[in-house]
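Structural overview for review
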Amino acid sequence: MKYLLEIEVEDKKASFVEEFFRMISFVKKVKTIESNEVTNPTIMKSIEAYEKGKVNPTPLSLAELKTMINA
């Protein structure tokens, strides 16, 4: 079983928190995620598909975009 735990910590205490979790025997990986980092797997796969040329962007006019936003 796998759990993903999200904890917000002050910058000055980040190293202590990382070290604390590394000392727990069943914790396999500790990773710091930046505030602007994309972590949603669906979005990551979509970006990867676009970068590899598997998916092309859909042309959309500004008027159509405004209609979709206000719908």
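Residues numbered from 1 in each chain as written. Predicted model: local features only at pLDDT ≥ 70, side-chain atom pairs only at ≥ 80, totals over all residues. Heavy atoms only, no water.

On to the packing of aromatic side chains, then. Taken as a whole and judged by the stated rule, the model has 2 aromatic pairs. Seen from their ring centres, Phe16 and Phe20 are 6.4 Å apart, and the 25° between their planes marks the pair as stacked. Residue Phe16 and its partner Phe20 are both found in helix α1 (residues 14-23); the two are separated by 4 residues, about one turn of the helix. Among the residues examined, Phe16 registers a relative accessible area of 59% and is labelled exposed. According to the relative accessible area criterion, Phe20 is partly exposed, its value standing at 40%. Measuring from ring centre to ring centre gives 5.3 Å for Phe20 and Phe21, while their planes differ by 75°; the resulting arrangement is edge-to-face. Cluster of aromatic residues (ring-pair linked, three or more members): Phe16, Phe20 and Phe21. (Phe/Tyr/Trp six-rings, centres within 6.5 Å; stacked < 30°, edge-to-face > 60°. Helix = DSSP H or I, 4+ residues; strand = E, 2+ residues; numbered from the N terminus. Buried < 20%, exposed > 50% of the residue type's maximum accessible area, 1.4 Å probe, protein only.)

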